[in-house]
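Close look at the chain arrangement
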Amino acid sequence: MKSVKTGASARASRSSSLSNCLDRVLVGEAVDVLEQIPEASVDVVFADPPYNLQLDHQLTRPDQSRVDGVDAAWDQFDSFAAYDAFTKAWLSAAKRALKPGGTLWVIGSYHNIFRVGSTLQDLDYWILNDVVWVKSNPMPNFRGRRFTNAHETLIWALRDRDDNGYTFNYEALKAFNDGVQMRSDWTMPLCTGQERLKNDDGHKLHPTQKPEALLYRALLASSNPGDVVLDPFLGTGTTAAVAKALGRHFIGIEREEEYAEAARERIAAVRTAPAHGLRTVLGKRALPRVPFGAVLEAGLIRPGEVLTCPKSRHEAIVRADATLEAGGHVGSIHKVGAAVQGLDACNGWTFWHFEQQGNRMPIDALRETIRATTGAQAA
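Below you will find a few notes about this structure. All values reported here derive from a predicted model rather than from experimental measurement.

Moving on: the packing of helix 2 (residues 80–97) against helix 3 (residues 113–122). Viewed as axis vectors pointing N to C, helix 2 and helix 3 meet at an angle of 45 degrees, and their least axial separation amounts to 10 Å. The orientation of helix 2 relative to helix 3 falls into the category oblique. As for how helix 2 packs across helix 3, the hand of that crossing is right-handed. Where helix 2 approaches helix 3, its residues Phe80, Tyr83, Asp84, Thr87, Lys88 and Leu91 are matched on the opposing element by Arg115, Val116, Thr119 and Leu120. Classifying every residue of the contact of helix 2 with helix 3 by side-chain character gives five nonpolar, two polar and three charged.

This is the structure in structure tokens:
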């Protein structure tokens with residue numbers, strides 16, 4: 001068992017605070033190090049665990065050149081039972097480290113992802129999505145006995161089933177995708193070119209290095225600047241590099257010193273984007289609440305003024321306590337808006353309109369004015 005360390009002399013200990021782990025690569029077995037991370041201290045876990053992928057014999061291309069598959073000791077398990085026990089152990093330790101509302105990403109191939117998914121559910125994680133990474137440049141199937149394996153599967157899961165406070169930057173992803181709702185099939189190439197780390201012989205340093213684009217999208221979706229992102233199988237550091245670039249803190253765990261050292265060098269070269277560059281579009285739910293009473297307090301609407309519906313079929317009088325009166329109904333902007341329409345619910349902010357310089361506008365514009373003047377929308 002290797003010691004847990006962040007450099008030549010620094011060591012993580014069971015009594016370590018979060019600050020001793022942040023923005024460092026810790027060397028050691030995943031479960032051992034995870035148990036040293038303070039409980040409920042991590043916002044997101046991204047895990048690329050061993051796939052238990054072993055070829056029965058050497059795989060060659062048609063020209064008889066050897067395919068560089070995964071044959072390292074870290075991907076070898078004696079049986080499915082041993083792999084399942086390993087999966088349960090690290091998923092349990094990761095759950096302990098996650099905050100309430102924290103989420104976990106795990107990526108795998110057909111060799112292991114179904115077993116991982118079953119264990120996630122056994123441990124009471126709540127699966128939010130499965131995302132298919134469609135590889136635009138997959139490795140061909142040289143034997144011609146199966147379909148070409150052109151995708152991998154990511155599972156995105158919530159630590160606690162009933163916790164609705166998790167981060168999902170829906171509006172930011174929609175903007176990222178040219179105004180179209182982001183789907184669960186992501187097409188992008190394998191890690192190639194300058195991004196692929198090589199050893200001294202010019203061969204790829206790690207057989208399963210993931211493209212930064214994949215991590216960029218996952219972290220943009222499920223984390224915010226300042227959040228803590230943990231990768232228990234860091235490899236050559238893709239998760240940490242992207243987290244740092246996006247202004248997130250990272251904790252990386254890697255058992256192989258060769259990979260850990262390469263990750264440290266890679267991460268050190270990354271520059272974090274400036275704060276103003278890390279801002280993203282906020283959805284309505286993420287914005288601070290502004291009560292209708294604040295609109296009256298600001299003098300943007302005064303008691304006694306008349307509001308109308310979009311088609312001027314209904315009118316309501318504004319009262320001093322920020323309630324409305326219309327057709328015998330008295331209550332909030334939402335309650336009265338629903339009552340005059342005979343509906344169970346109504347968004348009063350968009351239903352009721354006021355007049356400004358001859359134009360009728362929804363009172364929601366006044367709410368946005370208050371947010372702008374108080375700086376509440378800046379993020």
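Time to look at unusual backbone geometry. Even without being a glycine, Ser312 presents a positive backbone phi close to 60 degrees. Given the relative accessible area of 44%, Ser312 is considered partly exposed.

With that settled, the discussion passes to the environment of Thr148. By secondary structure assignment, the location of Thr148 is in the loop between strand 4 (126–135) and strand 5 (151–158). Taking relative accessible area as the criterion, Thr148 reaches 37% and is therefore assigned partly exposed. Along the backbone, Thr148 and Pro138 are 10 residues apart, and their C-alpha atoms lie at a distance of 7.6 Å.

Formed by 32 residues in total, the largest nonpolar core has its most connected members in Val42, Trp90, Leu104, Val106, Leu120, Tyr125 and Ile251. When contributions to this core are tallied by element, the ones reaching two or more residues are helix 1 (30–34), strand 2 (42–47), helix 2, strand 3 (98–108), helix 3, strand 5, strand 7 (228–231) and strand 8 (249–254). If you tally residues by element for this core, the top one is helix 2, at six residues. Beyond its immediate chain neighbours, meaning those up to four positions away, Val42 contacts Ile37, Ala97, Leu98, Lys99, Val228, Leu230 and Ile251.

With that settled, consider the pattern of salt bridges. Applying the stated criterion to the full structure yields 14 salt bridges. Asp160 serves as the salt-bridge partner of Arg159, at 2.7 Å between the closest nitrogen and oxygen. A salt bridge links Arg266 to Glu212; the shortest N-O distance between them is 3.0 Å. Taken together, the positions of Arg266 in helix 7 (residues 257–268) and Glu212 in helix 5 (residues 212–222) put the pair 54 residues apart, joining distant regions of the chain. Beyond isolated ion pairs, a larger network of salt bridges with shared partners links Glu29, Arg255 and Glu256.

How each quantity is defined
Residues numbered from 1 in each chain as written. Predicted model: local features only at pLDDT ≥ 70, side-chain atom pairs only at ≥ 80, totals over all residues. Heavy atoms only, no water. Axes fitted to C-alpha atoms, helices over the stretch in contact; angles between N-to-C directions. Helix = DSSP H or I, 4+ residues; strand = E, 2+ residues; numbered from the N terminus. Parallel < 35°, antiparallel > 145°, perpendicular 65-115°, else oblique. Left-handed = near helix turned anticlockwise from the far one by under 90°. Contact = heavy atoms within 4.5 Å. Nonpolar A, V, L, I, M, F, W, Y, C, P; charged D, E, K, R; others polar. Buried < 20%, exposed > 50% of the residue type's maximum accessible area, 1.4 Å probe, protein only. Core = buried A, V, L, I, M, F, W, Y, C linked by side-chain atoms within 4.5 Å. Salt bridge = Lys/Arg side-chain N within 4 Å of Asp/Glu carboxyl O.

Any link to function would need more than the numbers given here.
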